[in-house]
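This is what each chain is made of:
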Amino acid sequence: MRVGSTLNIALRALRRNKMRSVLTALGIIIGVAAVIAMVGIGNGAKAQVEAQIASLGQNVILIFSGSTTSSGIRTGWGGAGTLKIEDAEAIRREVPSVAAVSEEVVSTTQVAAGNQNWFTRIYGESADYLDIRQWPLVDGAPFTAQDVRSANKVCVIGRTTASQIYGNDDPVGQILRIKNVPFTITGVLTQKGLSTQGVDQDDIVIMPYTSAMKRVVGGTTLRNINVQIGDGRQIQAAQQQIIALLRQRHNIRPGRDDDFTVRNQQEIADAATATTAVMTVLLGSIAGVSLVVGGIGIMNIMLVSVTERTREIGTRMAVGAHGSDILTQFLIEAVTLSSVGGVIGIIFGIGASKILSSYAHWPTLISLSSIIVAFMFSAAVGIFFGFYPARKAAALDPIEALRYE
Amino acid sequence: MKNGEVVKLIDVHKTYHTGDVEVHAVRGVSLEIQRGEFVALMGASGSGKSTLMNIVGCLDRPTSGRYVLDDADVSVLDRDQLADIRNHKLGFVFQSFNLLPRTSARENVELPLLYGTHRLTHAQLREKADSVLASVGLAGREGHHPSQLSGGQQQRVAIARALVNDPEVVLADEPTGNLDSRTSVEIMGIFQQLNERGITIIMVTHEQDIAAYARRNVVMRDGMILNDFKVTQRLDAATELGKIAPIDSQIQS
C-alpha cells in the first residue's frame, strides 16, 4: 500500500493552499467548539442541579402531610396536619433500614436582635437534621437530642440570617428574639447557596422541632418527616414499609387514598435533571447543526478544489496515480481538514466554556466523552462530505483532465 | 541497453462516440519504434496524432489492434495497470508543462516517485530529484516554484519529472508549443542530449523546423500514416543556438 506517500501528497496539497485550508477548517472549528461549549454548559447545569439535589442528603425519603378538604377548600400538601410526632417515632422504631429521622415544622416570621430585625424562615427539626442534610457548621455547635427533648430555646442560623442581623460580629452565644422569645444561638451553618428553585437556603433559623412547635409555630402536627435510609438499595423497600405503616396508623382502608405523600430523593432528582438534560440535548443539537454546515463547507471547497485542480489530477494520473490514490488523497485532505479543525475546535470549545464559567459564572462541565464524540463526529463529517468530491476526482478521465482549461 | 523495438503498434484503430456521431480518429496504424530512436509525430490538427499519442502513452486503449510496449501487450490492461505502466516505463512532457502550482521544482520532480512501487525515504526522494534536475541544468533551482521560473526552465522541470523514474520512452506532446524560438531550440538540445544517452523520445509537433531535430518523422493524415522517413538534414541544437543572435537584448530593446 502507499497510504504513507498519499498522506504526504495530501498534506503537501493542503499546505499549498494555506488560506483556503484554514478557512475550510474554520467551519469545523466553530462547529466543534460550539458543540463542546454548549454540551459543557448543559452538563454543567445538570451537574449543578444534581449537586443541589445531593445537598438534600443521601438516600432521603420525604413524607409530607396530606391535603384536607374543609368546606370544599382543599389545603394542598402539608396542610392537613395528618402527620403526628408519634408517626415519626413509629417510623424510627419499626422500619429497620432507617438510619435517621427528622420531624419538621416550618414557619416564617420576624426575628430580632439588638436594633436589627429580619424576616426569615424557621425550621423545627430533630438533632439528626444537620447530619441528614450533610450540613456542617462553620462556627459553634449544633443543638443536641437533649435540647430537643427539653424543648430548649436554642437555634443555629444560616449565613444570610447571620450577616443580616449581626453583620461581621460573631453570632454564637448571642440572643435572638423570635416572636419575643429569646433563643440562644449555638452555631452558624456553612453556606449552601441557592436551591434549585432559587430560594436562598442560607436565610434560615433551625431549632429543635419541639421548641418550634411550642414557642413559634404552634400546633401539634408535623409538616413533613425527613427519613434517611442507611443503605441506598433499601430505599424502595423502606418507602413501601413507611407507606404501609402510616396507612395502618392512620386507619386508611384498602382502596382509599393516602392522607400523606412520600417522595424519595431520586424522584426529585430525576424531575430536576430532566429539564437540564433536555437543555443539553437542545444546545448540543443546535451546535451540531453548525457542525453539519461546516461539513457542507468542506464538501463545497473540495468540489471547487477538484474542479480547479483537474489538470493537476490529470498530471498525477499521467505519472502513474491510480484512481484509488486520487480518491485517498482527496479523502485524506477532507479528513485532515475536518479532524485538525476538530482538534482546534475542541481547544476553542474548552476555552470558551472556561471563559463563560469565569465571566458569566455559568457552571460548565467538559466530559471526556463529549470531546471524543465531537472529534469522531468531525472526522466522520470529513469522510462523509469528502467522499463525493473525492470520488468525482478519482473518476476523471486522464486525457480530459490533462487538457482541462 | 536492450535492443529491438520498444513500441510496436499493430493495426491500431480508435473510434470515439460523441453523441450520435462516430469519430474514427485512428484508422489502422501499424508502427514500430526502435530503442534509442527520436521520432517526431507530425500532422495537422484532426489528423489523429494526439489520439495515437494517447494510445502510445497508455492514457487510452485502442478500440482494436494491439499495442506492445517493451515486449508486453498493454492493449489488454485495465486502468490501474496502465497507470503503473505509465509510472514505470513512460515519461510525459506536455505543451503547457503541467507542473503543480505553488510546489517546488524538487517536489514536482518527486511526484512520479511517490506513485511508484519502491518506497523511498525523504532523503532518497530528494537526492534523486536533485540529481535529475541537475542533469537538465537546473542545479540550484530545486526550491523554486513554477511561478519563479521561466517557461524554458519550467519545461526542464517537466523533463526532469519525466526522467526521474528512468523510463523506456519519453513522450512529448508539443513540448515547444508554449515557448519562444530560442527556448524551443534549447529544449530540443536537451532532447538531443537525452537521445544521445540512448533514451527513446517520441514527440508530437506540427512545426516542421522542430521536427527537423528528430531522427525520424512520421506524418499522419486522416487517422493513417501518410509518410514515415528518416530526417536527412537533421538540425543540431547546439549549432542552431549559436546562429541565433543574443535574443535577450533583442527582446529588451
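Quantities reported herein were computed from a predicted structural model and do not represent experimental measurements. (Residues numbered from 1 in each chain as written. Chains lettered and ligands numbered in written order. Predicted model: local features only at pLDDT ≥ 70, side-chain atom pairs only at ≥ 80, totals over all residues.)

A. Region of interest: the overall build of chain A. Broken down by element type, chain A carries 13 helices and 14 strands. Against the globule reference of 22 Å for 405 residues, chain A gives a C-alpha radius of gyration of 33 Å, more extended than a compact globule. Over its C-alpha atoms, taken along the principal directions, chain A stretches across nearly 100 × 55 × 40 Å. The 405 residues of chain A split such that 43% are buried. Contacts in chain A between residues far apart in sequence, at least 24 positions, make up 82% of those at least 6 positions apart. (Helix = DSSP H or I, 4+ residues; strand = E, 2+ residues; numbered from the N terminus. Rg over C-alpha atoms; globule rule 2.2 N^0.38 Å. Buried ≥ 20, exposed ≤ 12 C-beta atoms within 10 Å, placed from the backbone. Contact = placed C-beta atoms within 7 Å.)

B. Spatial organisation of the interface of chain B and chain A. Taken residue by residue, the interface counts 22 residues in chain B and 20 residues in chain A. Mapped by element, the contributors of at least two residues to the side of chain B that touches chain A are α2 (79-89) and α3 (105-114) of chain B. For the side of chain B that touches chain A, the element with the most residues is α2 of chain B, which contributes 6 residues. A breakdown of the residues in the side of chain B that touches chain A according to their chemical character gives 9 nonpolar, 5 polar and 8 charged. (Nonpolar A, V, L, I, M, F, W, Y, C, P; charged D, E, K, R; others polar.)

C. Examining the nonpolar core more closely. Core analysis: the largest hydrophobic core is formed by 125 residues, its most contacted members being Leu41 and Ala160 of chain B. The dominant element in this core, judged by the number of residues it contributes, is helix α2 (residues 18-54) of chain A, at 16 residues. Not counting residues within four places of it along the chain, the set of residues in contact with Ala160 of chain B comprises Val109, Val132, Leu133, Val136 and Leu138 of chain B. In terms of nonpolar packing, the next biggest core, distinct from the first, is built from 48 residues, Phe64, Val101, Tyr123 and Ile229 of chain A among them. (Core = buried A, V, L, I, M, F, W, Y, C linked by C-beta atoms within 7 Å.)

D. A look at helix α3 (residues 85-94) of chain A. Residue and element names in this part refer to chain A. Restricting attention to buried positions, one finds in α3 the residues Asp87, Ala88 and Ile91. The buried residues of α3 all sit within an arc of 100° when viewed along its axis, so they share a single face. Exposed and facing more than 90 degrees away from the buried side of α3 are Glu86, Glu89 and Arg93. Next to the buried residues of α3 lie β4 (83-84), β5 (98-113), β12 (221-222), β13 (224-229) and α8 (235-249). (Arc of directions from axis to C-beta.)

E. Inspection of the packing of helix α1 (residues 3-16) of chain A against helix α11 (residues 323-360) of chain A at higher detail. All names here are of chain A. In the contact formed by α1 and α11, the axes pass within 9 Å of each other and the chain directions differ by 55°. As far as their axial angle goes, α11 and α1 are oblique. Between α1 and α11 lies a crossing of right-handed hand. Contact with α1, carried on its side by Val3, Thr6, Leu7, Ile9, Ala10, Leu11, Ala13 and Leu14, involves Asp325, Thr328, Gln329, Ile332, Glu333 and Thr336 of α11 and no other residues of that element. The class makeup of the residues in the contact of α1 with α11 is 8 nonpolar, 4 polar and 2 charged. (Axes fitted to C-alpha atoms, helices over the stretch in contact; angles between N-to-C directions. Parallel < 35°, antiparallel > 145°, perpendicular 65-115°, else oblique. Left-handed = near helix turned anticlockwise from the far one by under 90°.)

F. Region of the structure containing the environment of Glu50 of chain A. Residue and element names in this part refer to chain A. Note that Glu50 resides in helix α2. Looking at Glu50, the number of C-beta atoms within 10 Å reads 15, which means it is partly exposed. Along the primary structure Glu50 and Lys153 are separated by 103 residues, whereas in three dimensions their C-alpha atoms are 35 Å apart. In this structure, Glu50 is in contact with Ala269 and Thr273, ignoring residues within four places of it in sequence.

G. Summary view of the sheet that holds strand β4 (residues 64-69) of chain B. Residues and elements named next belong to chain B. Reading across from one edge, β2-β1-β4-β5 is the order of the 4 strands in this open sheet, with antiparallel pairing throughout. Of all the strands in the sheet, the pair left with one neighbour each is β2 (21-34) and β5 (72-73). Sheet topology places strand β1 (residues 5-18) next to β4; 5 bridges connect them, and they run antiparallel. Of the residues in β4, the one forming a bridge with His13 is Ser64. (Pairing = 2+ DSSP bridges.)

H. Inspection of α8 of chain A at higher detail. Residues and elements named next belong to chain A. When the terminal C-alpha atoms of α8 are compared, their 21 Å separation across 15 residues agrees well with the 21 Å that a helix rising 1.5 Å per residue should span. Those residues of α8 hidden inside the fold are in contact with β1 (60-65), α3, β5, β13 and β14 (260-264). Following α8 by one or two positions, Asn251 adopts a phi angle in the positive range, close to 55°. (Expected span 1.5 Å × (residues − 1).)

I. Seen up close, unusual backbone geometry. Residues and elements named next belong to chain B. Backbone geometry at Asp71 places phi at a positive 65°, although glycine is not the residue there. With respect to the helices, strands and loops of the structure, Asp71 is situated in the loop between β4 and β5. Residues other than glycine seldom take positive phi values, yet Phe97 does so here, at roughly 65°.

J. Structural detail: the environment of Thr63 of chain B. Within the secondary structure, Thr63 of chain B sits in the loop between α1 (49-56) and β4. In this view, Thr63 of chain B contacts His13, Lys14 and Thr15 of chain B; residues no more than four positions away in its chain are not counted.

K. How the structure looks around the sheet that holds strand β6 (residues 90-93) of chain B. Residue and element names in this part refer to chain B. Taken together, 6 strands build an open sheet; the order of strands is β6-β7-β8-β3-β9-β10 and the sheet is mixed. For this open sheet the edge positions go to β6 and β10 (224-230), each flanked by a neighbour on one side alone. On average, each strand axis in the sheet is inclined to that of its neighbour by 20°, with strand direction left out of account. When strand β9 (residues 216-221) meets β10, the two strands line up antiparallel, connected through 6 bridges. Paired with Val219 across the strands is Asn227, a residue of β10. Most of the contacts of helix α5 (residues 151-163) go to β6, to which it runs at about 170°, and overall it touches β6 and β7 (169-173). Against the sheet, helix α6 (residues 181-196) engages β3 (38-42), β7 and β8 (200-204), with an angle of about 150° to β8.

L. Molecular detail of the confidence of the model for chain A. Residues of chain A with pLDDT of at least 70 account for 96%, and the chain-wide mean is 87. At the low end of the mean pLDDT range in chain A sits strand β2 (residues 69-70) of chain A, at 58; at the high end sits strand β8 (residues 154-157) of chain A, at 95. (pLDDT = per-residue confidence, 0-100.)

M. Up close: the pairing of β9 of chain B. Residues and elements named next belong to chain B. In the sheet, β3 pairs with β9 via 4 bridges, with the strands oriented parallel. For Leu41, the partnering residue across the bridge sits in β9 and is Val218. Connecting the antiparallel pair β9 and β10 is a turn made up of 2 residues, with Asp222 showing a positive phi of about 50°.

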